[in-house]
2 protein chains.
Amino acid sequence: MSHTLGIRQAQKQKTRQAFLDAALSLLEEQSLSSLGLREVTRAVGVAPTAFYRHFHSTADLGVALVEEALGSLHPMIAGTVSAAGDSDERIDRAVALIARHVREHPAHIRFIARERNGGVQKVRSAIAEQMARFADEVKAELAKQPESAGWSDDDLLMLAGLYVDQMLMTASTFLEAAPEEQDQVARVATRRMRLISIGRRHWLG
Amino acid sequence: MSHTLGIRQAQKQKTRQAFLDAALSLLEEQSLSSLGLREVTRAVGVAPTAFYRHFHSTADLGVALVEEALGSLHPMIAGTVSAAGDSDERIDRAVALIARHVREHPAHIRFIARERNGGVQKVRSAIAEQMARFADEVKAELAKQPESAGWSDDDLLMLAGLYVDQMLMTASTFLEAAPEEQDQVARVATRRMRLISIGRRHWLG
DNA sequence: CGCTTGTGGTTACAGTTGTTCACTGACTCC
DNA sequence: GGAGTCAGTGAACAACTGTAACCACAAGCG
């Protein structure tokens with residue numbers, strides 16, 4: 001029952017999206033804490049004061065960017081972990097999926113990796129919250145697998161967090177690697193994941 | 001053959017160190033790419049133009065900070081890995097060492113974690129280079145251990161990189177955790193390391 | 001000693017920043 | 001159809017930025 005929202009609201013959303021896009025592009029070569037409000041409005045092509053109609057501050061814009069960059073990622077994460085096949089096949093598929101996502105949304109990944117430890121507290125919190133949700137979701141998927149028999153909740157969450165952190169680091173490494181190094185990066189990432197999975201298999205006893 | 005350097009040079013080094021200290025302190029709540037030259041000189045208590053006598057730009061200052069923060073860390077890394085005792089004892093000691101280092105040099109860790117993926121290319125490179133050196137050193141230590149029999153150089157480097165990344169992430173997590181959460185962070189970090197070590201033990205065959 | 005060197009200070013410039021205020025004019029709703 | 005709402009405008013503000021030119025004066029060195 002979503003009624004079409006009026007011309008007015010639609011145009012506002014469009015401008016808001018333009019802000020997000022412009023900011024994301026400007027953030028490829030700087031951090032959020034140095035992103036100026038005027039810089040963004042200039043890139044969008046609107047007056048500086050128009051910014052306030054959409055965000056209180058650039059920090060607020062950053063939080064919105066976190067939603068955009070990570071909010072849509074939950075299905076992919078779950079799909080990655082619950083894929084069919086044996087452990088090695090699953091890992092290969094996960095690494096390939098990460099590589100593809102980085103290729104398609106490089107600015108998103110760059111933003112998250114950069115601001116995860118960045119200078120803006122609210123954005124750091126927003127990212128931490130999303131990452132915690134990822135870890136919870138991965139944990140839920142892991143719990144379904146037979147390999148997790150006998151595992152405590154705590155240990156499962158520990159493992160899930162390790163996987164999630166590893167995924168983001170892999171993505172960030174893809175980002176900085178030259179095209180001809182991508183394969184090498186993928187191979188190392190695969191072996192890291194494989195080692196962790198081996199550790200998982202022998203964790204108990 | 002180190003002759004005492006003149007009063008002149010000594011005073012210059014002192015001022016330079018004041019710049020580094022002031023910058024590090026200012027960077028606790030912002031990123032390097034938003035750090036202004038005037039901001040730093042104001043904090044030090046010198047004229048803006050004095051900055052140029054020591055650094056070309058704030059990016060240059062950042063590179064110097066990388067040296068200060070990571071340059072002195074090499075002995076600790078090596079010591080951590082080559083410590084005596086069985087695997088679990090070694091891990092406990094490593095985590096404790098990391099916790100202590102974070103407690104003693106929080107600003108250093110914050111800076112490295114923040115700028116590792118930060119908006120200043122030269123600084124990112126400087127950090128990446130030091131981290132690669134750490135990985136090489138850890139690899140060399142690992143190679144000495146009997147558990148590494150039969151391991152290829154490539155796999156050893158992969159494992160070393162995994163350990164190094166894990167150490168920095170642990171340090172950064174300590175940094176953001178409240179005092180009463182420190183123990184919990186330490187316990188999770190310990191279990192992560194332990195799982196990796198188990199993976200290592202069963203990597204071959 | 002006097003000459004050179006170079007750290008740091010002073011003044012000034014042209015641009016930029018965030019934020020305010022009063023405004024326009026197209027959309028919305030009764 | 002007329003009144004009200006509100007996204008976006010334009011001008012103005014004080015404060016800030018990096019950088020240039022020139023100066024002061026203590027240290028180094030023949």
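About the cut-offs
Numbering of residues begins from 1 in every chain and follows the order in which that chain's sequence is written. Key to labels: chains lettered from A, ligands numbered from 1, both in the order written. This being a predicted model, a pLDDT of at least 70 is required before a residue's local features are given, and a value of 80 or more before pairs of side-chain atoms are given or counted; all residues contribute to the totals for chains, interfaces and linings. Based on all heavy atoms of the structure, the side-chain values leave hydrogens and waters out of the count. Here the bounds of each domain stem from an automatic or database domain assignment. In what follows, a contact means two residues having at least one pair of non-hydrogen atoms within 4.5 Å. Defined here as a combined quantity, buried area equals the accessible surface (1.4 Å probe) lost by two parts on assembly, summed across both. For salt bridges, the criterion is a side-chain nitrogen of Lys or Arg within 4 Å of an Asp or Glu carboxyl oxygen. Counting of polar contacts relies on pairs of N or O atoms within 3.5 Å, with two restrictions inside protein: one atom must be capable of donating a hydrogen and the other of accepting it, and residues adjacent in sequence are counted only when both atoms are side-chain atoms. Residues are labelled near a given molecule or strand when at least one of their non-hydrogen atoms is within 4 Å of it. The secondary structure listing takes helices from DSSP runs of H or I that are at least 4 residues long and strands from runs of E that are at least 2 residues long, numbered from the N terminus. Note that Gly is not counted as nonpolar here; it falls among the polar residues with everything else outside the nonpolar set of Ala, Val, Leu, Ile, Met, Phe, Trp, Tyr, Cys and Pro and the charged set of Asp, Glu, Lys and Arg. In plain words, nonpolar cores are sets of buried Ala, Val, Leu, Ile, Met, Phe, Trp, Tyr and Cys residues tied together by side-chain atoms within 4.5 Å. Residue burial is assigned from relative accessible area. The probe radius is 1.4 Å, only protein chains are included, and a residue is buried under 20% of its type maximum, exposed over 50%, and partly exposed in between. Only protein atoms enter the calculation, which uses a 1 Å grid: trapped sets of points that fit a 1.4 Å probe without letting it out are cavities, open sets showing protein on both sides within 12 Å along at least five of seven lines are pockets, and any residue with an atom within 4 Å of a point is a lining residue. Grid points are joined across faces, edges and corners, and a volume is the space filled by probe spheres set on the points. UniProt positions are given in the numbering used here, feature names are shortened, and annotations may be inferred rather than shown by experiment. What a helix is expected to span follows from its residue count: subtract one and scale by 1.5 Å. An axis is simply a line fitted to the C-alpha atoms; with a helix, the fit covers only the stretch in contact. Between two such axes, the angle follows the N-to-C directions and lies from 0 to 180 degrees. In these notes the angle categories are as follows: under 35 degrees is roughly parallel, over 145 is roughly antiparallel, 65 to 115 is roughly perpendicular, and the rest is oblique. Note on convention: near helix rotated counterclockwise from far helix by under a right angle means a left-handed crossing. Clockwise means right-handed.

Chain A carries the name TetR family transcriptional regulator in an unreviewed UniProt entry, which gives Streptomyces phaeochromogenes as its organism.

It is worth spelling out the domain arrangement of chain A at this point. Residues and elements named next belong to chain A. You can read the domains of chain A as domain 1 (7-56) and domain 2 (68-201). Opposite the 11 residues of domain 1 that make contact, domain 2 presents nine residues. Interface of domain 1 and domain 2: buried area, both sides summed, is about 800 Å²; carbon and sulfur atoms make up 61% of it. Among the residues domain 1 hides against domain 2, the three largest losses belong to Leu24, Glu28 and Leu32. Together they make up 62% of the total. In this structure, the connection of domain 1 to domain 2 is made through one salt bridge. For the interface between domain 1 and domain 2, the tally reads six residue pairs in polar contact (both at pLDDT 80 or more).

Near DNA strand C there are 19 residues, and of these Arg38 and Arg42 of chain A together with Thr15, Arg53 and His54 of chain B occur at the shortest range. Restricting the count to atoms of DNA strand C within 4 Å of the protein gives a sugar and phosphate share of 43%. Here a phosphate oxygen of DNA strand C sits 2.9 Å away from a polar atom, N or O, in the side chain of Lys12 of chain B. When contributions to the surface near DNA strand C are tallied by element, the ones reaching two or more residues are α1 (7-26) and α2 (37-44) of chain A together with α1 (7-26) of chain B. For the surface near DNA strand C, a count of residues per class yields six nonpolar, six polar and seven charged.

Core analysis: the largest hydrophobic core is formed by 61 residues, its most contacted members being Leu195 of chain A together with Leu61, Leu65, Phe111, Leu142 and Phe174 of chain B. For this core, the element with the highest residue contribution is helix α8 (residues 153-176) of chain B, accounting for 12 residues. Inspection of this core shows a minimum of three residues originating in each of domain 1 (7-56) and domain 2 (68-201) of chain B. When near neighbours in sequence (up to four residues on either side) are disregarded, Leu65 of chain B contacts Leu20, Ala23, Leu24, Leu27 and Phe111 of chain B.

Among the 19 residues in the neighbourhood of DNA strand D, the closest are listed as Arg8, Thr15, Ala47 and Arg53 of chain A together with Arg38 of chain B. Atoms of DNA strand D within 4 Å of the protein belong to the sugar or the phosphate in 47% of instances, the rest to bases. Separating a base oxygen of DNA strand D from a side-chain N or O atom of Arg8 of chain A is a distance of 2.4 Å. For the surface near DNA strand D, the secondary-structure elements that each account for two or more residues are α1 of chain A together with α1 and α2 (37-44) of chain B.

Attention shifts here to the layout of surface pockets. In this model, the second largest pocket occupies a volume close to 160 Å³. Lining the second largest pocket we find Asn117 and Arg124 of chain A together with Glu28, Arg110, Ala113, Arg114, Ser172, Leu175 and Glu176 of chain B. Counting residues per element, the ones that place at least two in the lining of the second largest pocket are α6 (106-115) and α8 of chain B. Considering only residue class, the lining of the second largest pocket consists of two nonpolar, two polar and five charged.

Those residues carrying the UniProt feature "domain: HTH tetR-type" (unreviewed entry) are residues 13-73 of chain A in this numbering. In this annotation, residues 13-73 of chain A is assigned 59% helix and 0% strand; the end-to-end C-alpha distance for the span is 21 Å.

This paragraph deals with the UniProt feature "DNA-binding region" (unreviewed entry) in chain A. Under the local residue numbering, the UniProt record ascribes the feature "DNA-binding region" (unreviewed entry) to residues 36-55 of chain A. Taken end to end, residues 36-55 of chain A has its terminal C-alpha atoms 13 Å apart, with 40% of it in helix and 0% in strand.

Helix length check: α8 of chain B, at 24 residues, gives a terminal C-alpha distance of 35 Å against a target of 34 Å (1.5 Å per residue), a fit within 8%. With respect to burial, α8 of chain B is a largely interior element, 19 of its 24 residues being buried.

Turning next to the interface of chain A and chain B. With 35 residues of chain A at the contact, the number on the chain B side is 35 residues. Buried area between chain A and chain B, summed over both chains or domains, comes out near 3100 Å², and the portion from carbon and sulfur atoms is 57%. Area buried by chain A at its contact with chain B is led by Asn117, Arg191 and Leu195 of chain A, which between them contribute 21% of it. As a salt-bridge pair, Asp155 of chain B and Arg191 of chain A come within 2.8 Å of each other at their nearest N and O atoms. When residues of the side of chain A that touches chain B are traced back to their parent elements, those giving at least two are α6 (106-115), α8 (153-176) and α9 (182-201) of chain A. The greatest single-element share of the side of chain A that touches chain B, amounting to 11 residues, is contributed by α8 of chain A. When the residues that make up the side of chain A that touches chain B are grouped by side-chain class, the tally is 11 nonpolar, 12 polar and 12 charged.

Residue and element names in this part refer to chain B. Interaxial distance between α1 and α2 falls to 9 Å at its minimum, and their mutual angle equals 115°. With respect to each other, α1 and α2 are oriented roughly perpendicular. Our pair here, α1 against α2, has a crossing hand that is right-handed. Contacts between α1 and α2 involve Ala18, Phe19, Ala22, Ala23 and Leu26 on the former and, on the latter, Glu39, Val40, Thr41, Ala43 and Val44. Looking at the contact of α1 with α2 residue by residue, the classes come out as eight nonpolar, one polar and one charged.

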